[in-house]
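# Understanding the architecture of this molecule
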There are 2 protein chains.
Amino acid sequence: MARMKKTAPIGVFDSGLGGLTVFKVLARRMPEESLIYFGDTAHVPYGSKSPEAIARFSSEVAKFLAGRGIKLLVVACNTSSAWALPAIRKVVKIPVVGVIEPGARAALGVSRGGRIGVIGTEATVKSEAYVKAIKKLRKGARVSSAACPLFVPLVEEGWWTGEVVEAVAKKYSAPLRAAKVDTVILGCTHYPYLKPVLAKVMGSRVRLIDSAEEIARETESVLCKLGLRAPRGRKGRREFYASDAPERFGRLARRMLGTPVSKVKLHKFD
Amino acid sequence: MARMKKTAPIGVFDSGLGGLTVFKVLARRMPEESLIYFGDTAHVPYGSKSPEAIARFSSEVAKFLAGRGIKLLVVACNTSSAWALPAIRKVVKIPVVGVIEPGARAALGVSRGGRIGVIGTEATVKSEAYVKAIKKLRKGARVSSAACPLFVPLVEEGWWTGEVVEAVAKKYSAPLRAAKVDTVILGCTHYPYLKPVLAKVMGSRVRLIDSAEEIARETESVLCKLGLRAPRGRKGRREFYASDAPERFGRLARRMLGTPVSKVKLHKFD
């Protein structure tokens, strides 16, 4: 690790498009860093797959990105962060930043009463990764979770506001409202697109935690500590890979990032 | 093919659980036939993946089932039927029954005015497979299609009735209502679960075509012609495979079939 070059890229990995919310913040905060994004679109979504498959798919992506010479890997996918970090750390020798701990820390940082709600995929909620991370940081915290399997397809369909998504959000958030949470972790990289709807449904007193900012901060701090920050003033490269349908990925990525996207390269695993 | 045993099983393949609607009808109509079901749960859903990936995944499943000694393969998945039949027929030497033609035939059989609507996944609609099949059977037919990407996640979430699914169905079916279709093909094996909602939204004069019955009839007729029907009075075996999370598959399959399901076996491709 000591021999890693400061100008080496940061790898960002997600099961699909969702991790672009993290990519966007990384690119804005650290324009001098080169970034390689990998969307595992052949296997998306991870949220309803088995822990074993999630670990297997994630390790393959991590190995591929390590082979591209990245100096640090951001696992932007919550499902993967919840289940696959040990497997990923076994196959790559670089620092790995997951999304669970930064999200837990951010939530406790703003929560007034320590009543935290977590929303995520079926697999993320089942893992109880957020519950454990929060209780490790603050013993007395009370955590309520709700799996929201329809949110990802709704975001991918582009239905970010309106009657349908509002009705879905109301139904999913009922247990969190009943538990009177004061803070909700958006435990899936797709969910920031639903912030306006969630704010409306949860009420303005409830804080919504989009972990992208916190993950970017964590990434920056890990690189600083290791003396691996790229020199300021430089312009980092941006590279995109998808394991299926790269054109579709590029089209949606442009829309989600709001900027032009260089050609998305196809990398198949099977 | 001439040497194939009459008691050999029929293979039924779908990207996930949806094909169980076809499996159920096959089992009811031909209790003497043995059935092997394969759900490619590691790659589900196919509907948003590339034609190339759909063909690759489908061929792998077909090869596996052929290796289990099946006498005929039912491709219960519409997306796979729309894109992968040529690839599948290249790798297996047994008769292959897709769902597009039976569905098109059934629709034309009941349509009064020849105004057919097709609903399906993004990939199925994009393929125009139904449009081509319908126009081949009746030149003057008018076909309108609508992709309904949220229907599969809604069915898998168990939200088969109620406010949310009704609002979604209304939105998706608007172009079909505008086109005044008299018949709608449920072009995805998940959709029969939404029949009550679709009937309500489309109106009682519109016929809804669930192709499962037609596929089962086609399967029976192909086997008859080839002299490959299993002897009556026999009790066929039922076997289930999934490429990921077999316990989850078994749990949901029991609910969807309404009968006990033998242990679901795991078969991984990666």
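All figures in this text were calculated on a predicted structure; none of them were measured in a lab.

### A short note on the pattern of salt bridges
All names here are of chain A. Inspection of the entire model under this criterion finds 40 salt bridges over all chains. When the shortest N-O distance is used, the salt bridge between E213 and R29 registers 3.5 Å. With a gap of 184 residues between them, E213 in helix α11 (residues 211-225) and R29 in helix α1 (residues 20-29) connect regions that are remote in the sequence. In this structure E213 comes out as partly exposed when scored by relative accessible area, which is 27%. The network of salt bridges with shared partners includes R28, R29, E32, E33, K71, E213, E220, R229 and R232.

### Brief notes about the nonpolar core
Of all hydrophobic cores here, the largest spans 154 residues; its most connected members are L20, I119, I134 and F151 of chain A together with L20, I119 and F151 of chain B. Residues within four places of I119 of chain A in sequence aside, it is in contact with A146, C148, F151, L176, V184, I185, L186, G187, C188, Y191 and L198 of chain A.

### Focus on the packing of helix α1 (residues 20-29) of chain B against helix α12 (residues 246-257) of chain B
All names here are of chain B. The interhelical angle for the contact between α1 and α12, taken along N-to-C directions, is 55°, at an axis separation of 10 Å. With respect to each other, α1 and α12 are oriented oblique. Classified by chirality, the crossing of α12 by α1 is right-handed. Contact with α1, carried on its side by L20, F23 and K24, involves F249, A253, M256 and L257 of α12 and no other residues of that element. Its residues assigned to classes, the contact of α1 with α12 shows six nonpolar, no polar and one charged.

### Thoughts on the packing of aromatic side chains
Enumeration according to the criterion identifies 28 aromatic pairs over all chains in this entry. Pairing F151 of chain A with Y191 of chain A gives two aromatic rings, centres 5.2 Å apart and planes at 85°, and the pair type is edge-to-face. Placement of F151 of chain A in helix α8 (residues 151-157) and of Y191 of chain A in the loop between β7 (183-187) and α10 (195-202) is noted, with a sequence separation of 40 residues between them. Overall, the relative accessible area of 1% leaves F151 of chain A in the buried class. With a centroid separation of 5.8 Å and 40° between ring planes, the pair formed by Y46 of chain B and F57 of chain B is classed as tilted. Note that Y46 of chain B is positioned in the loop between β2 (35-39) and α2 (51-67) and F57 of chain B in helix α2, a separation of eleven residues in sequence. Like F57 of chain B, Y46 of chain B is buried.

### Quick look at the interface of chain A and chain B
In this assembly, 30 residues from chain A lie in contact with 30 residues from chain B. Note on chain A versus chain B: buried area summed over both sides is about 2600 Å², and carbon and sulfur give 55% of it. Our count for the chain A to chain B interface comes out at four salt bridges. The residue E122 of chain A makes a salt bridge to R248 of chain B at a minimum N-O spacing of 2.9 Å.

### Side note on the domain arrangement of chain A
Residues and elements named next belong to chain A. You can read the domains of chain A as domain 1 (10-98 + 213-266) and domain 2 (100-210). For domain 1 versus domain 2, the separation of C-alpha centres amounts to 22 Å. Counting residues at the interface gives 24 residues for domain 1, matched by 22 residues for domain 2. Across the interface of domain 1 and domain 2, roughly 1800 Å² is buried in total on both sides, 56% from carbon and sulfur atoms. Counting across the interface, domain 1 meets domain 2 through two salt bridges. A salt bridge links R105 to E214, with the shortest nitrogen-to-oxygen separation between them at 3.9 Å. Elements represented by at least two residues in the side of domain 1 that touches domain 2 include exactly α1, α3 (78-83), α11 and α12 (246-257). For the side of domain 1 that touches domain 2, the residue count by class is nine nonpolar, nine polar and six charged.

### Examining the packing of helix α5 (residues 100-110) of chain B against helix α7 (residues 129-137) of chain B
Residue and element names in this part refer to chain B. Taken N-terminus to C-terminus, the directions of α5 and α7 make an angle of 55°; their axes are 9 Å apart at the nearest point. Put simply, α5 runs oblique to α7. In the crossing of α5 with α7, the sense of the turn from one axis to the other is right-handed. Residue-level inspection shows I100, G103, A104, R105 and L108 of α5 in contact with α7, the latter providing A129, Y130, A133, I134 and L137. Its residues assigned to classes, the contact of α5 with α7 comprises eight nonpolar, one polar and one charged.

### Let's talk about the sheet that holds strand β6 (residues 142-147) of chain A
Whether parallel or antiparallel, the strands of a sheet pair through hydrogen bonds between backbone atoms. Residues and elements named next belong to chain A. Sheet architecture is open: four strands sit in the order β6-β5-β7-β8, paired in parallel fashion. A single partner strand is all that each edge strand has here, and the edge strands are β6 and β8 (207-209). Adjacent strand axes in the sheet meet at a mean angle of 20°, parallel and antiparallel pairs treated alike. Sheet topology note: the strand β5 (residues 115-120)/β7 ladder contains five bridges and is parallel. Each bridged residue has a counterpart across the sheet, and for G120 the counterpart in β7 is G187. Of the strands in this sheet, β5, β6 and β7 touch helix α9 (residues 163-178), which is tilted by about 170° from β6.

Rules behind the numbers
- Residues numbered from 1 in each chain as written.
- Chains lettered and ligands numbered in written order.
- Predicted model: local features only at pLDDT ≥ 70, side-chain atom pairs only at ≥ 80, totals over all residues.
- Heavy atoms only, no water.
- Salt bridge = Lys/Arg side-chain N within 4 Å of Asp/Glu carboxyl O.
- Helix = DSSP H or I, 4+ residues; strand = E, 2+ residues; numbered from the N terminus.
- Buried < 20%, exposed > 50% of the residue type's maximum accessible area, 1.4 Å probe, protein only.
- Core = buried A, V, L, I, M, F, W, Y, C linked by side-chain atoms within 4.5 Å.
- Contact = heavy atoms within 4.5 Å.
- Axes fitted to C-alpha atoms, helices over the stretch in contact; angles between N-to-C directions.
- Parallel < 35°, antiparallel > 145°, perpendicular 65-115°, else oblique.
- Left-handed = near helix turned anticlockwise from the far one by under 90°.
- Nonpolar A, V, L, I, M, F, W, Y, C, P; charged D, E, K, R; others polar.
- Phe/Tyr/Trp six-rings, centres within 6.5 Å; stacked < 30°, edge-to-face > 60°.
- Buried area = accessible area lost by both parts, 1.4 Å probe.
- Domains from an automatic or database assignment.
- Pairing = 2+ DSSP bridges.

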